[in-house]
Amino acid sequence: MYKIPVNHLTQLFSLISGDRALYAPIEKNGQVRFGRWSESEKVSLDKLNTIRSAKDFFFPQSENLVAFKTEGKKITIIENRDDSEAFILFGVRACDAASFDILDRVFLSEPVDTYYKARRDNGIVITLACSEPEETCFCNVFGIDAANPAGDIATWIVDDMLYWKAVTAKGDAFTETVKGLIEKAGSFENLFEAAGSPEEEKLKKYKENVKKIMDSLPLHDLSLEGFNGEALNDKFNSPKWKDLSEACLGCGTCTFVCPTCQCYDIRDYDTGHGIQRFRCWDSCMYSDFTKMAHGNPRTSQLERFRQRFMHKLIYFPANNDGVYSCVGCGRCIAGCPVSMNIVKVVKAMGVDKNV
Amino acid sequence: MQRIFGLIKDKAEKLLAGGTVNRIIGWTGGEFFYDPTPAVFKSKEELEGLVYNSFCASNLSKYLINESKKDGKILALLKPCDTYGFNQLVKEHRINKDNVYVLGIECSGMIDINKIRDLGIKGITGISEEDDSLVIQTIYGEKSCRRSDVLLEKCLCCKGKQHMAYDELVCADKPTDGSCQDTLEASAKPSESTTDRFEMVKKLEAMSPEERYSFWRDELSKCIRCNACRNICPSCSCVKCVFDNDASGIASKANTDAFEENLFHIIRAFHVAGRCTDCGECSRVCPQHIPLHLLNRKIIKDINELYGEYQAGKDAESRGPLTDFAMDDPEPGIVAERGGDH
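Residues numbered from 1 in each chain as written. Chains lettered and ligands numbered in written order. Predicted model: local features only at pLDDT ≥ 70, side-chain atom pairs only at ≥ 80, totals over all residues. Heavy atoms only, no water.

1. Some details on the overall build of chain A
Each helix and strand counted, chain A has eleven helices and 13 strands in total. Relative to the compact-globule value of 20 Å for 355 residues, chain A shows a C-alpha radius of gyration of 22 Å, a close match. Considering only C-alpha atoms, chain A reaches an extent of 70 × 65 × 40 Å along its principal axes. Taking contacts inside chain A between residues at least 6 apart in sequence as the whole, the part at least 24 apart equals 71%. Counting every atom, chain A has about 16,000 Å² of accessible surface; 50% of that belongs to carbon and sulfur. (Helix = DSSP H or I, 4+ residues; strand = E, 2+ residues; numbered from the N terminus. Rg over C-alpha atoms; globule rule 2.2 N^0.38 Å. Contact = heavy atoms within 4.5 Å. Areas by Shrake-Rupley, 256 points an atom, 1.4 Å probe, with all protein chains shown as cover.)

2. Brief notes about the state of the cysteines
All names here are of chain B. By the definition in use, this model includes zero disulfides over all chains. The thiol sulfur of Cys 81 is not disulfide-bonded, and the nearest other cysteine sulfur, from Cys 107, lies at 6.1 Å. Left without a disulfide partner, Cys 238 is nearest to the cysteine sulfur of Cys 241, which lies 6.4 Å away. (Disulfide = S-S within 2.5 Å.)

3. Considerations on the domain arrangement of chain B
Residues and elements named next belong to chain B. When the domains of chain B are assigned, the result is domain 1 (2–108 + 162–183), domain 2 (113–150) and domain 3 (199–337). Between domain 1 and domain 3, the C-alpha centre-to-centre distance is 28 Å. With 17 residues of domain 1 in contact, the opposing surface of domain 3 contributes 22 residues. Interface area lost by domain 1 to domain 3 is led by Lys 62, Tyr 84 and Lys 91, which between them contribute 37%. (Domains from an automatic or database assignment. Buried area = accessible area lost by both parts, 1.4 Å probe.)

4. A short note on the domain arrangement of chain A
Residue and element names in this part refer to chain A. Taken as a whole, chain A is organised into domain 1 (2–215) and domain 2 (229–349). Placing a centre on the C-alpha atoms of domain 1 and another on those of domain 2 gives a separation of 26 Å. At the junction of the two partners, domain 1 supplies 37 residues and domain 2 supplies 35 residues. Summed over both sides, the interface of domain 1 with domain 2 buries roughly 3,100 Å², with 59% coming from carbon and sulfur. Taken together, the links from domain 1 to domain 2 amount to four salt bridges. Note that Asp 321 is salt-bridged to Arg 105, the shortest N-O span being 3.2 Å. The interface formed by domain 1 and domain 2 holds 18 residue pairs in polar contact (both at pLDDT 80 or more) in total. Of all the secondary-structure elements, those providing two or more residues to the side of domain 1 that touches domain 2 are strand 5 (62–71), helix 2 (94–107) and helix 3 (114–122). Among the elements that make up the side of domain 1 that touches domain 2, the one with the highest residue count is helix 2 (nine residues). (Salt bridge = Lys/Arg side-chain N within 4 Å of Asp/Glu carboxyl O. Polar contact = N/O pair within 3.5 Å; in protein donor to acceptor, adjacent residues only side chain to side chain.)

5. What about the packing of helix 9 (residues 260–271) of chain B against helix 11 (residues 293–307) of chain B?
All names here are of chain B. With their axes 9 Å apart at the nearest point, helix 9 and helix 11 run at an angle of 40° to one another. In terms of their interaxial angle, helix 9 and helix 11 are classed as oblique. As helix 9 packs across helix 11, the resulting crossing turns out to be right-handed. Of the residues in helix 11, those in contact with His 265, Ala 269 and Phe 270 of helix 9 are Leu 295, Asn 296 and Ile 299. Of the residues in the contact of helix 9 with helix 11, the class split is four nonpolar, two polar and no charged. (Axes fitted to C-alpha atoms, helices over the stretch in contact; angles between N-to-C directions. Parallel < 35°, antiparallel > 145°, perpendicular 65-115°, else oblique. Left-handed = near helix turned anticlockwise from the far one by under 90°. Nonpolar A, V, L, I, M, F, W, Y, C, P; charged D, E, K, R; others polar.)

6. Let's talk about the layout of surface pockets
It is a probe the size of a water molecule, rolled over the atoms, that shows where empty space is left. Of the voids in this model, the second largest pocket is the one considered here, and its volume is about 1,400 Å³. In terms of lining residues, the second largest pocket is bounded by 46 residues, among which Leu 249 of chain A together with Lys 62, Asn 66, Asn 231 and Val 239 of chain B are the most central. Elements supplying a minimum of two residues to the lining of the second largest pocket: helix 7 (240–245) and helix 9 (301–319) of chain A together with strand 2 (37–41), helix 2 (63–67), helix 8 (228–232) and helix 9 of chain B. (1 Å grid on protein atoms, 1.4 Å probe; cavity = no way out; pocket = protein on both sides within 12 Å on 5 of 7 lines; lining within 4 Å. Points joined across faces, edges and corners; volume = space filled by probe spheres on them.)

Have a look at this one:
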């Protein structure tokens with residue numbers, strides 16, 4: 001483990017962003033979004049949820065897949081995928097980091113999605129533990145530890161000191177690179193010192209404290225009992241969907257701010273000289289979602305609303321060793337214009353512990 | 001707030017029991033105190049879930065497009081500003097007024113939970129209000145702030161406490177009779193509503209075209225095309241939006257170029273021109289916090305200057321400035337003249 005005084009982070013960022021892009025939670029006009037770091041940007045180490053999640057870096061809202069050009073009866077296929085460059089993603093919270101595993105299950109299983117894989121291979125994820133979870137946080141329900149985030153490198157901020165620990169081999173290699181950069185730069189003393197057992201002890205206490213807070217959060221004991229493949233028909237046919245979906249506007253906010261929503265559409269754009277095929281995020285809330293030649297399989301908002309939660313809580317775990325497609329980040333709780341969200345659905349549809 | 005809520009609930013129960021209405025549209029409580037959801041209540045038992053507090057910002061009038069097509073009369077709980085949207089939808093024959101019973105309810109300005117969070121207050125679990133002071137319970141101890149500092153953006157330019165349409169009114173200070181309206185009118189506006197709602201529009205107008213372009217590029221490029229602004233908007237009531245129509249060729253889920261999201265919002269602003277009541281819901285629901293209401297306000301300001309002061313939704317009968325014709329209407333040339341010489 002290494003330590004860096006928080007007030008030296010700018011120097012560290014400056015060093016590591018020399019040969020590749022560094023993205024971090026940037027505060028602008030009071031709002032925090034992941035953005036490209038430069039010395040003039042203000043990094044927020046405090047805000048937990050960026051407006052959009054970190055999935056954007058691996059699964060962008062839209063991207064080119066391929067292009068076609070036709071001349072008479074000849075079709076030329078043109079490779080036009082967006083170049084993926086090496087990058088560092090700093091400040092990812094435990095929930096977002098866990099969402100990458102969920103996305104990996106979709107995009108890295110056969111047939112591997114090479115567009116997604118290129119970005120995963122090129123990205124180094126540096127996570128940041130949460131010191132002060134919000135009341136909307138419920139990552140613990142999905143077995144995620146806010147104080148022990150995954151990623152290639154995990155970091156913690158305790159008393160103005162940032163602790164740095166490599167988690168994966170990629171993280172190990174990058175840590176060595178950072179050490180090399182610092183040695184080469186020469187003039188930064190105390191920038192990246194090895195941390196010893198007193199610090200380990202300090203970190204242990206910090207983690208215990210975060211755990212205590214997590215256990216006191218209003219949603220910490222949300223029960224997912226009864227949400228599994230066996231309950232598919234019961235849940236699907238439940239009369240409760242009618243009331244739950246009643247207020248839904250059919251906008252895509254929940255799906256677009258969600259770190260695990262991974263549905264996309266593939267479309268052809270007629271450029272006038274050929275076709276540009278792209279893919280873009282889709283939302284099960286939209287009326288044309290999964291529209292096929294025969295029409296649309298879900299003609300009402302009730303059915304579209306149900307699809308989102310059935311996918312996250314029933315279909316996905318049934319096909320993925322019981323892993324739910326939710327990480328408890330709370331973005332949908334904060335974002336929904338009518339305040340309908342997965343927690344309300346789970347509580348309404350789940351097994352009532354008090355009965 | 002507690003008192004007015006009690007009165008609203010009593011009234012709703014009575015109207016339901018007496019058969020005046022067969023259901024009620026209001027708000028139901030959520031996981032937290034700040035996340036009520038619009039809901040329809042069909043029985044006295046269901047009404048136990050009704051809430052009305054400082055977080056019931058959503059304008060229920062748009063739901064009445066569908067609800068008023070169903071059998072029986074529905075009781076709609078409308079705040080003063082919500083009645084503008086209601087009137088406009090009645091005017092456009094989108095709401096069947098015969099199937100709606102409007103209960104005008106008092107509002108003292110709605111609170112924006114995000115503004116409280118922006119003050120650095122985390123882990124919010126409860127709130128108590130007394131006049132302008134808010135005491136906020138959090139996981140990390142008790143915090144406080146001024147109510148007027150955390151009002152929703154739309155409430156900073158409150159249109160006043162008067163309901164533009166109602167069958168009956170409920171107010172806390174007097175029993176529900178004809179005098180209620182006077183009470184509401186006489187009482188002070190929620191905050192220091194001295195705020196000029198066109199202040200920012202004037203600033204934008206004063207900018208050079210390059211500055212203005214860069215302001216809107218910065219804001220609109222954040223758009224993720226979630227359509228929340230369109231779907232919440234009481235003026236966006238097309239049965240099928242052109243942007244949802246695959247066959248239109250412009251159903252753009254992705255932007256074909258960087259300017260496309262700008263066009264979406266500009267087209268939408270023009271489509272609701274003269275009909276937008278400035279309810280501010282578009283900006284409230286935007287997950288990217290784009291100040292969309294400024295586009296509408298610019299058009300409202302222009303309409304006011306060209307055709308005289310006009311407030312959409314003030315009544316349900318009159319012709320709007322853009323759907324009426326008079327011999328002395330300003331000629332389009334005035335637009336060019338205003339732009340100066342180019």
